[in-house]
Amino acid sequence: MAVFPASAASPLPEEFPSQSIRIVVPFPAGGSTDAIARILAEGMARELGQPVYVDNRPGASTNIGSDYVAKSKPDGYTLLFGGSTLVVNSIFGPRPSFDPDDALTSVSTVAEVPFVLATNPDAPFRTPREFMDAARSDPGRYSIASAQLDTYVEKLKLAASVDVLHVPYKGGAQAVTDAMSGQVDSAFALVPVLLPQLQSGKLRALGISSAKRLLPTLPDVPTFVESGVNFVMTIWYGLQVPSEIAGDRLDRLNKTVRKVADASEFAARLADMGARAGGSTPKVMDKLLAQQRAAWEALATAHPELVQKP
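Every chain begins its residue count from 1, and numbering advances along the sequence as written. Per-residue local features of the predicted model are confined to residues with pLDDT of at least 70, and side-chain atom pairs are confined, for both listing and counting, to 80 or more; whole-chain, interface and lining totals are unaffected and use all residues. Computation of side-chain values: all heavy atoms of the structure, hydrogens and water removed.

J.: How should I be thinking about the side chain of Thr217 in this particular structure?
T.: The secondary structure listing takes helices from DSSP runs of H or I that are at least 4 residues long and strands from runs of E that are at least 2 residues long, numbered from the N terminus. Counting through the fold element by element, Thr217 comes out in the loop between β8 (204-208) and β9 (234-242). With a relative accessible area of 16%, Thr217 lands in the buried category. What Thr217 contacts, discounting residues up to four positions off in sequence, is Leu195, Ala271 and Gly274. To sort residues, take the accessible area from a 1.4 Å probe on protein chains only and compare it with the maximum for the residue type: under 20% means buried, over 50% means exposed, and anything in between is partly exposed. Throughout, a residue-residue contact means that at least one pair of heavy atoms, one from each residue, lies within 4.5 Å.

J.: Which parts of the structure should I look at to understand unusual backbone geometry?
T.: Trans is the common state for peptide bonds, and a negative phi is the common state for residues other than glycine. Cis geometry is found at the peptide bond from Phe16 to Pro17, where omega equals 0°. By the element assignment, Pro17 lies in the segment before β1 (21-25). For the bond from Leu215 to Pro216, the omega torsion is 0°, close enough to zero to count as cis. Following the sequence through the fold, Pro216 ends up in the loop between β8 and β9. Here the phi dihedral of Ala60 falls at roughly 55°; this positive angle occurs in a residue that is not glycine. Locating Ala60 in the fold gives a position in the loop between β2 (52-56) and α2 (63-70). What makes Ala60 partly exposed here is its relative accessible area of 42%.

J.: Please clarify how the pattern of salt bridges should be interpreted in this entry.
T.: Each salt bridge in this description consists of a side-chain nitrogen of Lys or Arg and a carboxyl oxygen of Asp or Glu lying within 4 Å of one another. Within the structure shown, the criterion is met by 14 salt bridges. The residue Arg38 makes a salt bridge to Asp34 at a minimum N-O spacing of 2.9 Å. With a gap of 4 residues between them, Arg38 and Asp34 both fall in helix α1 (residues 32-48), about one helical turn apart. Judged by relative accessible area, Arg38 falls into the partly exposed class, the value being 35%.

J.: Would you mind going over α2 with me for this structure?
T.: Along an α-helix, a turn takes 3.6 residues, which lines up residues three or four apart on a common side. The buried fraction of α2 amounts to 6 of the 8 residues, a majority that puts the element mostly inside the structure. Contact partners of the buried residues in α2: β1, β3 (78-83), α3 (84-92), α4 (100-103), β4 (104-119) and β9.

J.: How should I be thinking about the packing of helix α6 (residues 150-160) against helix α11 (residues 282-302) in this particular structure?
T.: Axes are the key here: two packed helices are described by the angle between their axes and the distance separating the axes. Packing of α6 against α11 leaves a shortest axis separation of 11 Å and a crossing angle of 80°. On the basis of their axis angle, the class for α6 and α11 is roughly perpendicular. Along the contact surface, α6 presents Thr151, Tyr152, Lys155 and Leu158, while α11 presents Ala295, Trp296, Leu299 and Ala302. Ten residue types, Ala, Val, Leu, Ile, Met, Phe, Trp, Tyr, Cys and Pro, are classed as nonpolar, four, Asp, Glu, Lys and Arg, as charged, and the remainder, Gly among them, as polar. Its residues assigned to classes, the contact of α6 with α11 shows 6 nonpolar, 1 polar and 1 charged. Axis definition: a line fit to C-alpha positions, over the contact stretch in the case of helices; interaxial angles, taken between N-to-C directions, run 0 to 180 degrees. Here the word oblique covers every angle except those under 35 degrees (roughly parallel), over 145 (roughly antiparallel) and from 65 to 115 (roughly perpendicular).

J.: Looking at this structure, I do not really get the layout of surface pockets. What am I missing?
T.: Using a grid of 1 Å spacing that covers the protein atoms alone, one calls a set of points a cavity when a 1.4 Å probe fits there but cannot get out, and a pocket when the set is open and has protein on both sides within 12 Å along at least five of seven lines; lining residues are those with an atom within 4 Å of a point. Grid points are joined across faces, edges and corners, and a volume is the space filled by probe spheres set on the points. Estimated volume of the largest pocket: approximately 1,100 Å³. In this structure, the largest pocket is lined by 41 residues; those nearest its centre are Phe27, Ser61, Ala147, Gln148 and Leu149. Elements represented by at least two residues in the lining of the largest pocket include exactly α1, α3, β5 (143-147), α6, α7 (172-181), β7 (186-190), α8 (191-200) and β9. Considered class by class, the residues forming the lining of the largest pocket number 24 nonpolar, 15 polar and 2 charged.

J.: Would you take a moment to explain the packing of α3 against α11 for this structure?
T.: Interaxial distance between α3 and α11 falls to 10 Å at its minimum, and their mutual angle equals 35°. For the element pair α3 and α11, the recorded crossing hand is right-handed. Residues Ser84, Val87, Val88, Ser90, Ile91 and Phe92 of α3 form the contact with α11, whose own contacting residues are Leu289, Gln292, Arg293, Trp296, Glu297, Leu299 and Ala300. Residue composition of the contact of α3 with α11, grouped by class: 8 nonpolar, 3 polar and 2 charged. Crossings are assigned a handedness: left-handed for a near helix turned anticlockwise from the far helix by less than a right angle, right-handed for a clockwise turn.

Spatial relationships are all this shows, so hold off on functional conclusions.
See the structure below:
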């Protein structure tokens with residue numbers, strides 16, 4: 001029997017993960033997106049037995065961080081915490097330097113975050129229907145403030161068939177302040193952005209944009225659909241990796257993320273922020289992104305003026 005030296009033996013496959021994992025968040029530190037990613041990182045680190053840390057790379061409407069991951073080594077150690085925003089950018093701009101469908105593959109959804117329309121507590125509106133009815137009766141009189149959510153507000157206006165004035169702000173803080181003081185009639189933002197003001201009574205929620213009420217966070221706030229406005233739109237967050245990743249590593253990451261995202265502790269922490277937790281298979285996340293792409297492409301066709309020129 002031939003005896004071969006140990007150095008000639010076939011190397012054992014590398015155990016994954018064998019080093020720390022980076023989750024790139026294409027938003028600044030301190031916001032709701034960053035907070036969700038950090039809670040996820042904590043859970044993943046416990047499950048994988050390796051450090052999992054958040055790397056904030058904001059800029060160019062999330063394109064800087066997304067580009068970094070798309071061009072990184074497909075070894076499973078660099079992940080993108082993204083989703084809906086990249087889809088919107090690829091249609092309306094600023095367009096990323098890569099094709100998201102080709103360069104990235106889905107790992108799992110993590111959280112769904114709806115939008116909320118809110119007003120000063122003294123405003124005469126209490127539901128989306130009352131606000132939209134008033135706007136139809138007096139076109140152009142009423143205003144909606146938002147921070148860099150032009151396409152989202154236009155989609156709401158299109159769904160409700162109303163002529164309201166969109167007042168864009170560079171940052172959310174001033175938009176919220178002006179809504180509380182009555183300088184603008186309403187504010188439109190993701191629930192986590194306005195939740196502190198809603199809970200303190202400084203703002204009153206009219207409606208949320210999810211298909212179902214946000215339980216247990218805002219149980220008394222109706223959906224737009226309940227109020228007769230066919231408007232369902234949420235931001236989905238999930239993990240993506242470079243497309244060339246090996247199948248076994250993608251499977252390991254998927255199982256880990258789903259275990260964390262579907263845990264009751266994770267769901268409770270996200271509910272406190274105004275988000276809904278939930279993991280998925282890669283195929284389910286792909287389907288979700290495809291549905292959102294189709295909806296945004298329809299808006300771009302109806303309103304080509306919203307599409308940025310290259």
